[in-house]
Structure formats: structure tokens, C-alpha cells
Amino acid sequence: MKENTDTFLKGLWRENPVFVMLLGMCPVLAVSNSVINALAMGLATTFVLIGSSTLVSLLSRFIPKQVRIATYIVIIATFVTVVDYLIQAISLDLYRALGAFIQLIVVNCMILGRAEAFASKNPLGKSLLDALGMGAGFTLALLCLGSVRELLGNGSLLGVAIFGAGFQPWPIMILPPGGFFVLGGWLLLFAWLQERRTARRPEGGLAHAD
Amino acid sequence: MPTDSLPFIFLNACLINNFVLSTFLGICPFLGVSGKLQTASRMGLAVMFVMLVASTCAYGINFVLVAFEVEYLRLICYIAVIASAVQLVEMLMKKYSPALFRSLGIYLPLITTNCAILGLALFQTFREYDFLQCLAYALGAGAGFSLALIIMAGLREKLELADMPSLARGAAVSLMLAGVLSLAFMGFAGLGG
């Protein structure tokens, strides 16, 4: 039981695909300009991850070693096509906002990475847990970025205005450079927390970034 | 300049909507291979070549898919073509430049999962470019990718010598740097008119 929760939790924090392993950065930066886009992208990616992990885990005994990467990509592309049409059916606005990035889930290295490194070597149950954890970690990272960017760039969260009318939005946060800055900022924050924990010095006098 | 003329398409893909810095395609190699100037420029060339091949093939394949009305297979076909193109480049490089092959390491097969290339193929389909426009678009995108990669590598080589807090070393400072570059590239938006 302990091991199972661990398989799930490591994706959320210790091996977070975005903040720790730096995988799948393109969609993270590109669609995190609002919370709703970030959430939709996170869920779509999680769905593809779960679907492909299940199939890869079930079929791994039958896939010849030489063509395994190609097979994984075809499996992933199939699920992405499903998600693509699904989102188009649910909300056309969302589909337009996410643009080509839904189809680009195919080349999200995180998904191929999990298929190769985990799902192909582990039984179905464990692969599912791993996929769920990684998907949740990815969604969490997207939300972290999306909320900061929407809050600062638009003064709102999920479209609801948070700050009063006096707030001057920072448009730069919604534009491309904002994505880089916010992700860089989060990474700095995590590096700082990590350093503080290893140094076991709660006052952290040396750890200031600037 | 009309928006569908060849020079405009080239400039648009290269500067105004730079693939890396304003559409966020190909971030992984951008952060991963930009440590050394020489590796970066060669990686840029390899990507540009794969882009040209992939763009040409995608154009042909889309023609066939539309003729048979099986557009839902587009994604699967494109990714298969890109994977083969990368394999081709890999074999050529291994034969003619083993040193380069070693220095690119894992990032060479990873061109397959470089979203810039699939993105290029998808965008040209959405925008319904004709064959010459596709070529101009692929060249522009490749040049833009190389440009971003080379600038980044140059900056990071300088940064190696700078005195930085240990905390900021690595990915965090690269991202901040990319943010500043992206800010600079926003200046080209005026070119679009």
C-alpha cells in the first residue's frame, strides 16, 4: 500500500514532470496564460497519458523491441486524435484558444518518457497509478503558472475579477515573455526551498536569490 | 507586403512569430542544447534540414489524405514521416560527421519529439499554404529556431563566467534569459504591420 501511494505521489512532487524533470515545457509555457486553458490542457494531457500507459502496459509483451518507440508514438497519436475531436465537440471556444497545442500533445516528451521508462516495464495497476500521478503533477504545474499569469496579467482568476478596479494589469504576463519569467520564478522558488531544507537552516540568510 | 508573399512568410516564421520565443515550440532542445555555441549552430542546421524534409512530405501527404477523405489520420501520418526523416538525418550524420553525432547525443533522436517540427507541419496545413509557401515557411522556421538557439548559446557561454548565486544556476536562469530574449523579439511585431 505504502509503495502504491508512493508511485502516485512521486509524480505530484518529488518527480514532478515540469518543475523537477523539465519535460513537456512547450505546452506548459504556451497555454498557461489563463487558468481555464491550463486546466483543460492538463486534463487532456492526463487523459492521453492514462490511455497510452494502459495500452503500453498491456501490450508491452507483444511489441518487438526494435519498433517500440514507433509503436508508442502511434498509440499516443491515436489517443490525441480522440481528445482533439472530444474538445472540439465539447467547446469550440476552448478548442480555438488551445489551437494546435492539443495535437501537439503527441510530441510531449513526458508522455513518451513515461511509456518508455515506466509503463513498458510495470503491470497495469502500477502504470495507471504512475500515469495518474504524473498527469496530476503536470496539471498542478500548469495551474501554478496559469493562476499567476492570469492574476497578474488580467487581474482575475477563472475569469472572475479578483482585484478592484484600481488594479493596473501587467499585459506582459499574458504575452510570451511572461511564461518564461513565471516558470523561471517558480523554479527559483523551488530551488530555494530545496536548498533551505538541505542546509537545515530555517532562517536561510544566505539563500536570497538576488 | 501582402501576407501571403514568400518573403513575408519567411520573415513571419523567422522573426515576428519566432517559433521558439513567441509560439513556444521546441523549448526542450532550446534549453537542452544551448550550452555550447558550436553544438547549438549544428543542431540548428539539423533541425532546419529535418523541417524542410518534413514540410515537403507533409504537403504531399496532406494532398493524399484530402483526396481519400481520411483527414483524421493526419496526425499519425505526420509523426511517422517526421520520425523517418530524423532517422535519415541521423544515419547521414553518423556517416559523415561522427564527432557531431556524439556531441548532439540524445537530442538528435529527440528531434522526433521536437514540437517545432510537428507544429510546422500542422500550421502549414491549417493555413493552406501552397508548395512554395510551405518551403518558405519551413526555411523561415528553421532559421528562426537556429537564430534563437545560437543567441541563447552565446549568452550562456558568457554567463558561465559570470558570478551568480548557486541557486539561480541551471534551468531557472536560462528561462529568465529566454524571457528577456522573448521580450526583445516582441519588438519585431511592428514588422507585421
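Residue indices follow the written sequence of each chain, beginning from 1 at its first position. All chains are assigned letters beginning with A, and all ligands numbers beginning with 1, in the order in which they are written. Totals for whole chains, interfaces and linings use every residue, but because this is a predicted model, local features are given only for residues with pLDDT of at least 70 and side-chain atom pairs only at 80 or more, for both listing and counting.

S.K.: Would you mind going over the overall build of chain A in detail, with residue names and values included?
M.R.: By the criteria applied, helices consist of DSSP H or I runs no shorter than four residues and strands consist of E runs no shorter than two, each listed in order from the N terminus. Within chain A one finds eight helices and two strands. Listed N to C, the secondary structure of chain A is α-α-α-α-α-α-α-β-β-α in terms of helices and strands. Here the globule rule reads 2.2 Å times residues to the power 0.38, and the radius of gyration is calculated from C-alpha atoms. In terms of C-alpha radius of gyration, chain A reaches 19 Å, essentially the compact-globule figure of 17 Å for 210 residues. Principal axes of the C-alpha set define a box for chain A whose edges measure 60 × 50 × 30 Å. Whether a residue is buried, exposed or partly exposed is read from the other C-beta atoms within 10 Å of its own C-beta, which are placed from the backbone; 20 or more gives buried, 12 or fewer gives exposed, and intermediate counts give partly exposed. With 210 residues in all, chain A has 43% of them scored as buried.

S.K.: Outline the overall build of chain B, supporting the account with residue identities and numerical values.
M.R.: Scanning chain B for helices and strands turns up nine helices and zero strands. When the helices and strands of chain B are placed in sequence order, the string is α-α-α-α-α-α-α-α-α. At 17 Å, chain B has a C-alpha radius of gyration in line with the 16 Å of a compact globule built from 193 residues. Along the first, second and third principal axes, the C-alpha atoms of chain B reach 60 × 45 × 25 Å. Taken over 193 residues, chain B has a buried fraction of 45%.

S.K.: Explain unusual backbone geometry to me, and be specific about the residues and the numbers.
M.R.: Most of the time, phi is negative for any residue but glycine, and the peptide bond is trans. Residue and element names in this part refer to chain B. A positive phi angle is found at Phe24, which is not glycine, with a value near 60°. The backbone of Glu128 shows a phi angle near 55°, a positive value even though the residue is not glycine. Topologically, Glu128 is positioned in the loop between α6 (115-126) and α7 (131-161). Residue Glu128 is classed as exposed on the basis of its 9 C-beta neighbours within 10 Å.

S.K.: Please set out the environment of Ile174 of chain A residue by residue, giving values where relevant.
M.R.: All names here are of chain A. Within the element layout of this structure, Ile174 appears in the loop between β2 (160-161) and α8 (176-199). Take Ile174: there are 18 C-beta atoms within 10 Å of it, and that puts it in the partly exposed class. Separated by 64 residues in sequence, Ile174 and Met110 have C-alpha atoms that sit 25 Å apart. Once C-beta atoms have been placed from the backbone, residue pairs whose C-beta atoms lie within 7 Å are recorded as contacts. Excluding anything up to four places from it in sequence, Ile174 contacts Asn33, Arg149, Gly153 and Asn154.

S.K.: Kindly report on the nonpolar core, identifying the contributing residues and their values.
M.R.: Judged by nonpolar contacts, the single largest core of 115 residues is most densely connected at Ile76 and Val106 of chain A together with Ala54, Ile117, Leu118 and Leu120 of chain B. With 11 residues, α7 of chain B is the single largest residue contributor to this core. In this view, Ala54 of chain B contacts Val81, Ile82, Ala85, Ile117, Leu120 and Ala121 of chain B; residues no more than four positions away in its chain are not counted. Residues enter a nonpolar core if they are buried, belong to Ala, Val, Leu, Ile, Met, Phe, Trp, Tyr or Cys, and are joined to the set through C-beta atoms within 7 Å.

S.K.: Account for α6 of chain B, naming residues and giving values.
M.R.: Taking 1.5 Å of rise per residue, 12 residues should cover 16 Å, and α6 of chain B covers 16 Å from first to last C-alpha, within 8% of that figure. All buried positions along α6 of chain B are accounted for by Cys115, Ala116, Ile117, Leu118, Gly119, Leu120, Ala121, Leu122, Phe123, Gln124 and Thr125 of chain B. Buried residues belonging to α6 of chain B abut α2 (25-30) of chain A together with α3 (37-68), α4 (74-96) and α7 of chain B. Just downstream of α6 of chain B lies Glu128 of chain B, where phi reads positive at about 55°. One fewer than the residue count of a helix, multiplied by 1.5 Å, yields its expected span.

S.K.: Would you mind going over the interface of chain B and chain A in detail, with residue names and values included?
M.R.: Counting residues at the interface gives 31 residues for chain B, matched by 33 residues for chain A. Examining the composition of the side of chain B that touches chain A, we find that nine residues originate from one element, helix α8 (residues 171-186) of chain B, more than from any other. The residue classification treats Ala, Val, Leu, Ile, Met, Phe, Trp, Tyr, Cys and Pro as nonpolar and Asp, Glu, Lys and Arg as charged. All others, Gly included, are polar. Residues that form the side of chain B that touches chain A fall into these classes: 24 nonpolar, seven polar and no charged.

S.K.: Tell me what's going on with the packing of α3 of chain B against α6 of chain B, and back it up with residues and numbers.
M.R.: All names here are of chain B. Here, axes are lines fitted to C-alpha atoms. For helices the fit covers the stretch in contact, and angles between N-to-C directions go from 0 to 180 degrees. Between α3 and α6, the shortest axis-to-axis distance is 9 Å and the interhelical angle comes to 35°. Judged by the sense of rotation from one axis to the other, the crossing of α3 with α6 is right-handed. Residues Val47, Val50, Met51, Ala54, Ser55, Ala58 and Asn62 of α3 form the contact with α6, whose own contacting residues are Ala116, Ile117, Leu120, Ala121, Gln124 and Thr125. In terms of residue class, the contact of α3 with α6 is built from nine nonpolar, four polar and no charged. Left-handed describes a crossing whose near helix is turned anticlockwise from the far helix by less than a right angle; the clockwise case is right-handed.

S.K.: I'd like a rundown of the confidence of the model for chain B, residues and numbers included.
M.R.: Residue-level confidence of the predictor, termed pLDDT, takes values from 0 up to 100. Across chain B, pLDDT averages 84, with 97% of residues at or above 70. Within chain B, the lowest mean pLDDT, 72, falls on helix α9 (residues 189-192) of chain B, and the highest, 90, falls on α7 of chain B.

S.K.: If you had to explain the confidence of the model for chain A to someone new, which residues and values would you point to?
M.R.: Residue and element names in this part refer to chain A. Mean pLDDT over chain A stands at 84; residues scoring 70 or higher make up 94%. By mean pLDDT, the top-scoring element of chain A is helix α3 (residues 35-59) (92), and the lowest-scoring one is β2 (78). Counted against residues more than four places away or in other chains, residues 204-210, with its pLDDT under 50, gives 10 contacts.

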